[in-house]
Amino acid sequence: MTLTTRFAPSPTGLLHLGHAFSALLAFQLAQKQGGRFLLRIEDVDTTRSKPHWEQQIYDDLTWLGLSWETPVMRQSDRTAAYDAAIQSLAERGLVYPCSCSRADIKSALSAPQEGDVHHGPDGVIYPGTCRGRRLQEAQHTDALRLNMEEAIKHLPTSLRFREHGENPAQHDIECAALPADVGDIVLRRRISGEIAYHLAVVVDDAAQKVTYVTRGSDLFDATKIHVTLATLLGLPIPHYHHHRLVRDENGKRLAKRDDARSLKSLREQGNLPQDIFDMLKI
Ligand code: GLU
C-alpha cells in the first residue's frame, strides 16, 4: 500500500521550528518511501483562522523546499462530511446536546458526591450533567457530545493502533476504560457551528486516505480518541508516528506566539533552508 502522510497546520499564527520539523519529517518520509505527502489546512477555528496565515503557511513551506498535491483540503470546506459523520453517530443514539459552560462543569465536579476529578486527553472528564438530554430538545447554543457509555456498546473489547515514532509499539485501547479515561468528548462546539478537532481530523484523514499520521507527541493522548471515533464511523485506522517536540533552550515547547522562532523571522534574519535543517538536526 502506498504510504500517504500529511502535515495539517491551523492557520492561526506563524509556523515555527516545531512545525517545520513536523512538515519536513512527513515530507521526507513520503519521499523515501515513494509515498504521497498532503497538506491540510485545519481552519475549523473560524475566529482565529485567517487567510493571511494560510498564505504564510504556503510561503514558508515552499521556501523550505516542500511541495504537495493540490487542491489542498481545507476544513472550512468540509461541513457536509462532518454533518454526515455526526448524523451517523446520532442515528445510533450516541450524540447528545450539552449546554454546560466551563463554569458549570467546574461546579458540577466540585460537588461532594463527585469524588476525585479525572483528567483525559481533553482536560477534565465531563461529569455527564446533560447526558440524559435528547437531540430533539437541543438549543441553538448547545454543544454536541459523544455518549461514551453507549458508544462502547458498539465497539469491540479493545482497539489497536501501531506507533512508529521514537518508541515504536503496538498500543491496545481497552474500550471499557474509555468512559473514565476519555469521557463524553465534544464533537461539535455549537449545534450548527464549529466542529471539534477530533471529529474533523478523523473524517479528513480517512477522506484523504492518509495511511500514516505524522504529528507531534503532544497529540499522542488524542490518538486514543481518534482511533475510537474512526472505529465508530467504520473508517480505517492509520498508522501513527508521534515525533519529538522542538523545544527552546529552556526546554519549553515552542508556541505560535513565540515569533522569534517563527520561520518568517528566521528567514528575515538571513537564514537559509539548510540552516533550518541544521537547527532541527534533520
Ligand atoms: N492542526 C493540528 C495543529 O496544528 C494538528 C493536527 C494533527 O496533526 O492531527 O496542532
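Quick caveat, the model's predicted, so the values are computed rather than measured.

Focus on the overall build of the protein chain
Part 1 of the reasoning: Tallying secondary structure elements over the protein chain gives ten helices and twelve strands in all.
Part 2 of the reasoning: Over its C-alpha atoms the protein chain spans a radius of gyration of 20 Å, differing by no more than 12% from the 19 Å that the globule rule assigns to 282 residues.
Part 3 of the reasoning: Across the 282 residues in the protein chain, those meeting the buried criterion constitute 50%.
Part 4 of the reasoning: Carbon and sulfur atoms make up 49% of the accessible area of the protein chain, which totals about 14,100 Å².
Part 5 of the reasoning: Averaging the coordinates of the 34 positive side-chain charges in the protein chain and doing the same for the 36 negative ones gives two points 1 Å apart.

A few points about the pattern of salt bridges
It is possible for side chains bearing opposite charge to pair when their charged atoms get close.
Part 1 of the reasoning: For the coordinates displayed, the defined rule picks out 20 salt bridges.
Part 2 of the reasoning: Ionic pairing is found between R133 and E137, a salt bridge with its closest N-O pair at 3.7 Å.
Part 3 of the reasoning: Relative accessible area serves as the criterion here: at 19%, R133 is assigned to the buried category.
Part 4 of the reasoning: By relative accessible area, E137 is classed as partly exposed at 38%.

Notes on the state of the cysteines
Part 1 of the reasoning: Overall, the coordinates contain zero disulfides when judged by the stated rule.
Part 2 of the reasoning: The closest cysteine sulfur to the non-disulfide-bonded C100 is located on C130, 3.8 Å from its own sulfur.
Part 3 of the reasoning: For C130, a relative accessible area of 5% puts it in the buried group.

Structural notes on the pairing of strand β2 (residues 36-41)
Part 1 of the reasoning: Burial analysis of β2 places five of its six residues in the buried class, which makes it a mostly covered element.
Part 2 of the reasoning: Crossover connection from strand β1 (residues 4-7) via helix α1 (residues 17-32) to parallel β2: handedness right-handed.
Part 3 of the reasoning: The sheet contact formed by β2 and strand β3 (residues 73-74) spans two bridges and is parallel. Residue pairing across strands places R40 opposite M73, the latter belonging to β3.
Part 4 of the reasoning: With helix α2 (residues 51-63) bridging β2 and the parallel β3, this β-α-β connection has right-handed handedness.

Focus on the site of the ligand
Part 1 of the reasoning: The local shell around the ligand consists of R6, A8, P9, S10, E42, Y197, V201, R215 and L219.
Part 2 of the reasoning: Contact between the ligand and E42: a nitrogen atom at 2.5 Å from a side-chain N or O atom of the residue.
Part 3 of the reasoning: Out of a free accessible area of 300 Å², the ligand has 77% covered by protein chains.
Part 4 of the reasoning: Within the shell around the ligand, the residues separate by chemical class into five nonpolar, one polar and three charged.

Regarding the packing of aromatic side chains
Working definition: an aromatic ring pair is given by the centre-to-centre distance plus the angle between the planes.
Part 1 of the reasoning: The final tally for this structure, using the stated rule, is four aromatic pairs.
Part 2 of the reasoning: Arranged with centres 5.4 Å apart and planes meeting at 85°, the rings of F27 and F37 form a pair that is edge-to-face. Of this pair, F27 sits in helix α1 while F37 sits in strand β2, and the two are ten residues apart along the sequence.
Part 3 of the reasoning: On the basis of relative accessibility, which here comes to 5%, the residue F37 falls in the buried class.
Part 4 of the reasoning: Here the aromatic rings of F161 and Y240 are separated by 5.6 Å at their centres, their planes lie at 80°, and the arrangement is edge-to-face.

Topic: the sheet that holds strand β10 (residues 186-188)
Part 1 of the reasoning: The three strands lie next to each other as β4-β7-β10, forming an open sheet whose pairing is antiparallel. In this open sheet, the two edge strands, each paired with only one partner strand, are β4 (95-98) and β10. Here the average twist between neighbouring strands, direction ignored, is 45°.
Part 2 of the reasoning: Direction of pairing for β4 relative to strand β7 (residues 143-146): antiparallel, over a ladder of four bridges.

Remarks on helix α8 (residues 220-232)
Part 1 of the reasoning: With 13 residues, α8 extends 19 Å from end C-alpha to end C-alpha; this agrees with the ideal 18 Å at 1.5 Å per step.
Part 2 of the reasoning: Within the span of α8, buried status applies to A222, T223, I225, H226, V227, T228, L229, A230 and L232.

Calculation criteria
- Residues numbered from 1 in each chain as written.
- Predicted model: local features only at pLDDT ≥ 70, side-chain atom pairs only at ≥ 80, totals over all residues.
- Heavy atoms only, no water.
- Helix = DSSP H or I, 4+ residues; strand = E, 2+ residues; numbered from the N terminus.
- Rg over C-alpha atoms; globule rule 2.2 N^0.38 Å.
- Buried < 20%, exposed > 50% of the residue type's maximum accessible area, 1.4 Å probe, protein only.
- Areas by Shrake-Rupley, 256 points an atom, 1.4 Å probe, with all protein chains shown as cover.
- Lys, Arg positive; Asp, Glu negative; His and termini not counted.
- Charge placed at Lys NZ, Arg CZ, Asp CG, Glu CD.
- Salt bridge = Lys/Arg side-chain N within 4 Å of Asp/Glu carboxyl O.
- Disulfide = S-S within 2.5 Å.
- Right-handed = clockwise from strand over helix to strand, strands pointing away.
- Pairing = 2+ DSSP bridges.
- Near = heavy atom within 4 Å.
- Polar contact = N/O pair within 3.5 Å; in protein donor to acceptor, adjacent residues only side chain to side chain.
- Nonpolar A, V, L, I, M, F, W, Y, C, P; charged D, E, K, R; others polar.
- Phe/Tyr/Trp six-rings, centres within 6.5 Å; stacked < 30°, edge-to-face > 60°.
- Axes fitted to C-alpha atoms, helices over the stretch in contact; angles between N-to-C directions.
- Expected span 1.5 Å × (residues − 1).

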